[in-house]
Amino acid sequence: MLQLDKAAAILAELKQPVVIAKVDADKYSRVASKHEIDGFPTLKIFMHGVPTDYYGPRKADLLVRFLKKFVAPDVAALNSDSAISEFIEEAGKSFPIFIGFGLNESAISRLAVKYKKKAWFSVAKDFSDKTMEFYDFDKVPALVTLHPSYNEQSIFYGPFEVAEKFLEDYIKQSLLPLALPINQDTLKLLKDDERKIVLTIVEDENDERSKGLVKLLKAAASANRDLVFAFVGFKQWQDFAESFEVSKKMKLPKMIVWDGNEEYFSVIGSDSVEEEDEGSQITQFLQGYKEGSVIQKRITSDSYKALRNSMIGIGAVILVLVVLLVVTVMQSLKEEPSRDQVDHPSSSAASPSEAREALRSGDKEDKID
């Protein structure tokens, strides 16, 4: 909890204070149930009484940076090349960044509010030809998406205001990189995505063959945005890989289509990816899946339990981030029998009454130490 303690002291001193509260889920089980907590530690943000999942970084400096931006305008207005650069630098690498070049703020404002916990949104009104060349777009309006952590970029030219559905589909599909590396942190990003997941299991994510295969997966993902493409190394996360009937003796890479829960599909005739002409094999796998040439399977109970434990972790503390004028975990806690309801990190705040007074006056992940 050291990182939260450090962040709490800084956030409490902001002009618009951010209060961090910690709740013991074992002691206050009704609070955990009310907010549908099923894993620990879980972080939630309460904006004006509405809880949302927190997907951001948890190290103190990154947590402070993110929450400062979280209480900023939903859509940042950028009026120069330097403002664009500063915005990207401040946003960091934990979340995708959307920049609407020559785009009216009203065109993305509703979606910016809806997806604020998962991405940064901005509009650039004044920019140079050099900036257009740098971000590789040749006309406006254009919505540029950046994934700094994965060195990826894409561009959407519309339609914007005529059919918002197309814009929202693009934003939803762009919240994830083209090929998502699966680990205990990134797995959480799939929670709200309804698309099926094309999962490739390799021996080692870091070997040269796997890196080349990931490039091919990205190309396939660009042409199949109705699917999520992801990969995991058996060496990096053996328990997860074994949930899909993969063992040390099995020939890898192996591709399957996963529903994100307990069901997955293998494609008949595409059990593994041979080293020669991998791109054609990926195409053949996708064609077989879309034609229904599949075998439906379920994750075995023991391995699925291990998978779920890996996803949610083990612990007994819920960390609740309470931002600005928010409703209140405090009111929920009043339902519990004890008066010692909220434990505030070290120097950031003292008693529950002080926290309430602060509340009245007033989703982006590294691991907590």
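Here, the structure is the one placed above.
Here the structure is a predicted model, which means the values were calculated and not measured.

### Side note on the pairing of strand β8 (residues 152-156)
Here's step 1: With 5 bridges connecting them, strand β7 (residues 142-147) and β8 associate as antiparallel partners. Residue Thr145 lies in a different strand from β8, and its bridge partner there is Ser154.
Here's step 2: As consecutive antiparallel partners, β7 and β8 are separated by 4 residues, and within that stretch Asn151 has a phi angle of approximately 55°, a positive value.

### Some words on the packing of helix α8 (residues 208-223) against helix α10 (residues 278-290)
Here's step 1: It is at 10 Å that the axes of α8 and α10 come closest, and there the two elements cross at 45°. Viewed along their axes, α8 and α10 adopt a mutual orientation that is oblique. Note that α8 runs across α10; the crossing there is right-handed. Touching Arg209, Leu213, Leu216, Leu217 and Ala220 of α8 are Glu278, Gly279, Ile282 and Leu286, all from α10.
Here's step 2: The residue makeup of the contact of α8 with α10, split by class, is 6 nonpolar, 1 polar and 2 charged.

### Some remarks on empty space enclosed by the protein
Here's step 1: In this structure, the largest cavity spans a volume of roughly 70 Å³.
Here's step 2: Lining the largest cavity are Gln173, Leu176, Pro177, Leu178, Arg195, Ala221, Arg225, Leu227, Val228 and Phe229.
Here's step 3: For the lining of the largest cavity, a count of residues per class yields 7 nonpolar, 1 polar and 2 charged.

### Looking at the pattern of salt bridges
Here's step 1: Using the criterion set out here, one finds 15 salt bridges in the structure.
Here's step 2: Taking the shortest distance from any N to any O, the salt bridge between Asp204 and Lys235 comes out at 3.6 Å. With Asp204 in the loop between β10 (197-202) and α8 and Lys235 in the loop between β11 (228-233) and α9 (238-242), the pair connects residues that are 31 residues apart, well separated along the chain.
Here's step 3: A salt bridge links Arg298 to Glu262; the shortest N-O distance between them is 3.1 Å. Taken together, the residues span a long stretch of sequence, with Arg298 in strand β14 (residues 294-298) and Glu262 in the loop between β12 (254-258) and β13 (263-267) at a distance of 36 residues.
Here's step 4: By relative accessible area, which is 48% here, Arg298 ends up partly exposed.
Here's step 5: In this structure, a network of salt bridges that share partners links the residues Arg110, Lys114 and Glu168.

### Details of the packing of aromatic side chains
Here's step 1: Scanning the model with the defined rule gives 16 aromatic pairs in all.
Here's step 2: Pairing Phe244 with Trp258 gives two aromatic rings, centres 5.4 Å apart and planes at 80°, and the pair type is edge-to-face. With Phe244 in the loop between α9 and β12 and Trp258 in strand β12, this pair connects stretches of sequence that are 14 residues apart. The pair Phe244 / Trp258 is uniform in exposure class, with both members buried.

### Description of α10
Here's step 1: Helix length check: α10 (13 residues) gives 19 Å between terminal C-alpha atoms against 18 Å at 1.5 Å per residue, within 8%.
Here's step 2: Taken together, the buried positions of α10 are Glu278, Gln281, Ile282, Phe285, Leu286, Gly288 and Tyr289. Burial along α10 is one-sided: seen end-on, the buried residues are contained in an arc of 160°.
Here's step 3: If you follow the buried residues of α10, they end up packed against β10, α8, β11, β12, β13 and β14.
Here's step 4: Two residues or fewer after α10 comes Gly292, characterised by a positive phi angle close to 85°.

### Overview of α8
Here's step 1: The terminal C-alpha atoms of α8 lie 24 Å apart, and with 16 residues this matches the ideal 22 Å at 1.5 Å per residue to within 8%.
Here's step 2: Every buried residue of α8 is accounted for by Ser210, Leu213, Val214, Leu217, Ala220 and Ala221. Projected down its long axis, α8 carries its buried residues within an arc of 120°, all on one side. For α8, the exposed residues set more than 90 degrees away from the buried face come down to Glu208, Lys215 and Ala223.
Here's step 3: Along its buried surface, α8 packs onto β10, β11, β12 and α10.

### Looking at the sheet that holds strand β9 (residues 180-181)
Here's step 1: Reading across the sheet, the 6 strands line up as β9-β11-β10-β12-β13-β14 and stay open at both edges, with mixed pairing between neighbours. Looking at which strands have only one partner, the edges of the open sheet turn out to be β9 and β14.
Here's step 2: Relative to β11, β9 runs parallel, the two sharing 2 bridges. Its bridge partner lying in β11, Pro181 is registered against Phe231.
Here's step 3: Against the sheet, α8 engages β10, β11 and β12, with an angle of about 170° to β11.
Here's step 4: The strands touched by α10 are β10, β11, β12, β13 and β14; relative to β12, the strand with the most contacts, the crossing angle is about 30°.

Criteria and cut-off values
Within every chain, residues take consecutive numbers counted from 1 along the sequence as written. A pLDDT threshold of at least 70 governs which residues receive local features in this predicted model, and a stricter bar of 80 or more applies before side-chain atom pairs are shown or counted, although totals over entire chains, interfaces and linings include all residues. Side-chain metrics in this entry use all non-hydrogen atoms of the structure; hydrogen atoms and water are not considered. By this definition, two strands are paired if DSSP reports at least two bridges between them. Under the scheme used here, helices are H or I runs from DSSP no shorter than 4 residues and strands are E runs no shorter than 2 residues, and both carry numbers assigned from the N terminus. The axes are straight lines fitted to the C-alpha atoms, using for helices just the contacting stretch, and the angles between their N-to-C directions are given from 0 to 180°. Here the word oblique covers every angle except those under 35 degrees (roughly parallel), over 145 (roughly antiparallel) and from 65 to 115 (roughly perpendicular). Here a crossing is called left-handed whenever its near helix is offset anticlockwise from the far helix by less than a right angle, and right-handed whenever the offset is clockwise. Contacts are assigned to residue pairs that have any heavy atoms within 4.5 Å of one another. Throughout, the ten residues Ala, Val, Leu, Ile, Met, Phe, Trp, Tyr, Cys and Pro are labelled nonpolar, Asp, Glu, Lys and Arg are labelled charged, and all others, Gly among them, are labelled polar. A cavity, in this analysis, means grid points on a 1 Å lattice covering only the protein atoms where a 1.4 Å probe fits yet has no way out; a pocket is instead an open set bounded by protein on both sides within 12 Å along at least five of seven lines, and a residue lines either one if it has an atom within 4 Å of a point. Grid points are joined across faces, edges and corners, and a volume is the space filled by probe spheres set on the points. Salt bridge, as used here, is a side-chain nitrogen of Lys or Arg placed within 4 Å of a carboxyl oxygen of Asp or Glu. When accessible area is computed with a 1.4 Å probe and restricted to protein chains, residues below 20% of their type maximum are described as buried, those above 50% as exposed, and intermediate ones as partly exposed. Ring pairs shown here join Phe, Tyr and Trp side chains whose ring centres sit within 6.5 Å, with only the six-membered ring taken for Trp; geometry is labelled stacked below 30 degrees between planes, edge-to-face above 60, and tilted in between. Here the expected length of a helix is defined as 1.5 Å per residue gap, with one fewer gap than residues. Taking the helix axis as origin, the arc is that swept by the directions to the C-beta atoms.

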